[in-house]
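# Structural overview for review
Here are the chains, one letter per residue:
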Amino acid sequence: MSIILPDGLPARWTLKAEGYDASSRHEAAAAPLRPLRVLLVNLMPDKPATERQIARLLAGTPHPVELTLAIPDSYRPKTADPAHIWAFYKSWRRVRDHGFDGLIVTGAPVETLAFKDVTYWSELTEIFDWARRHVKQSFYICWAAQAALRHLHGVPKRALAAKVSGVYRHRVDAPGH
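Presented here is an overview of the structure given in this document. As the structure is a prediction and not an experimental result, all values here were calculated from the model.

For the protein, the helix and strand inventory stands at seven helices and seven strands. For the protein, the α and β elements follow one another from N to C terminus as β-α-β-α-β-α-β-α-β-α-β-α-β-α. Against the globule reference of 16 Å for 177 residues, the protein gives a C-alpha radius of gyration of 17 Å, in line with a compact fold. A principal-axis box enclosing the C-alpha atoms of the protein has dimensions of 45 × 40 × 30 Å. When burial is assessed residue by residue, the protein has 42% of its 177 residues classed as buried. When contacts within the protein are restricted to residue pairs at least 6 apart in sequence, those whose partners lie at least 24 apart make up 72%. A total of about 10,800 Å² of accessible surface is found on the protein, and carbon and sulfur atoms cover 57% of it.

Laid out in structure tokens, this is it:
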């Protein structure tokens, strides 16, 4: 369908060039269908690449989606361009009282740190708790999935010698989950 991105976000032009219907908030204001509002808390080091990947996936859905970019207030990126963040991202404090249909939280390159040692851990747990009460669906990617499992379900993180991924045999213990 279409993706509505912050005005001037470079990902918009990339998606348009790829044939996606990518518009700004101003262009989409007169659209007849209310877009799903999705909050992306982007903790990845390469913000523009992650924005493009997520926006591309959301643009392929059958419903228009408006994407809002945010970061925890205490988050201090080490590699991201500060000008990009100031131009396109909102602080958690500025968006937490707005209504969203969904939340996506990306990973971060902090997998070797203890959760309590991540400078924005308390804000991130606040975001997880907020999502349980305020959004219909949440999606946690990479390290954010580990963090959500720890905070929401008490599942500890286990360090492995090598990255493990794939599809594994499983058993459904709680139908409907």
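From this point on, the discussion continues.
Turning our eyes to something else, we now look at the pattern of salt bridges. Evaluated as defined, the whole model comprises seven salt bridges. One salt bridge connects Arg37 with Glu66, and the closest N-O pair in it is separated by 3.7 Å. In this pair, Arg37 sits in strand β3 (residues 36-41) while Glu66 sits in strand β4 (residues 65-71), placing the two residues 29 residues apart along the sequence. Notably, a salt bridge pairs Lys116 with Asp117, separated by 3.4 Å at the nearest N-O pair. Taking the relative accessible area as the measure of exposure, Lys116 reaches 65% and is therefore exposed.

Remember that side chains alternate between the two faces of the sheet whenever the strand is regular. Residues Gly102 and Ile104 point to one face of strand β6 (residues 102-105) and Leu103 and Val105 to the other, with burial holding for every one of them. Pairing of β3 with β6 involves four bridges; the strand directions are parallel. Residue pairing for β6: Val41 is matched across the bridge by Val105. Note: β6 against strand β7 (residues 137-140), four bridges, orientation parallel. Directly across from Val105, in β7, lies its bridge partner Tyr140. Crossover handedness for the path β6 to helix α6 (residues 121-134) to β7: right-handed.

The sheet contact formed by strand β1 (residues 2-5) and strand β2 (residues 21-24) spans four bridges and is parallel. By the bridge assignment for β2, Leu5 is matched with Ser24.

Before going further, it helps to spend a moment on helix α1 (residues 10-17). Quick reminder: α-helices carry 3.6 residues per turn. Residues three or four places apart thus point the same way. Burial in α1 covers these residues: Ala11, Arg12 and Leu15. Buried residues of α1, seen end-on, are gathered within an arc of 105° and therefore sit on one face of the element.

Our focus in this paragraph is the packing of α6 against helix α7 (residues 143-153). For the pair α6 and α7, interaxial distance at closest approach is 10 Å and the crossing angle is 75°. Looking at the two axes, α6 sits roughly perpendicular to α7. In contact with Trp121, Leu124, Thr125, Phe128, Asp129 and Arg132 of α6, α7 contributes Trp143, Ala144, Ala147, Ala148, His151 and Leu152. Its residues assigned to classes, the contact of α6 with α7 comprises eight nonpolar, two polar and two charged.

Parameters and conventions
Residues numbered from 1 in each chain as written. Predicted model: local features only at pLDDT ≥ 70, side-chain atom pairs only at ≥ 80, totals over all residues. Heavy atoms only, no water. Helix = DSSP H or I, 4+ residues; strand = E, 2+ residues; numbered from the N terminus. Rg over C-alpha atoms; globule rule 2.2 N^0.38 Å. Buried < 20%, exposed > 50% of the residue type's maximum accessible area, 1.4 Å probe, protein only. Contact = heavy atoms within 4.5 Å. Areas by Shrake-Rupley, 256 points an atom, 1.4 Å probe, with all protein chains shown as cover. Salt bridge = Lys/Arg side-chain N within 4 Å of Asp/Glu carboxyl O. Pairing = 2+ DSSP bridges. Right-handed = clockwise from strand over helix to strand, strands pointing away. Arc of directions from axis to C-beta. Axes fitted to C-alpha atoms, helices over the stretch in contact; angles between N-to-C directions. Parallel < 35°, antiparallel > 145°, perpendicular 65-115°, else oblique. Nonpolar A, V, L, I, M, F, W, Y, C, P; charged D, E, K, R; others polar.

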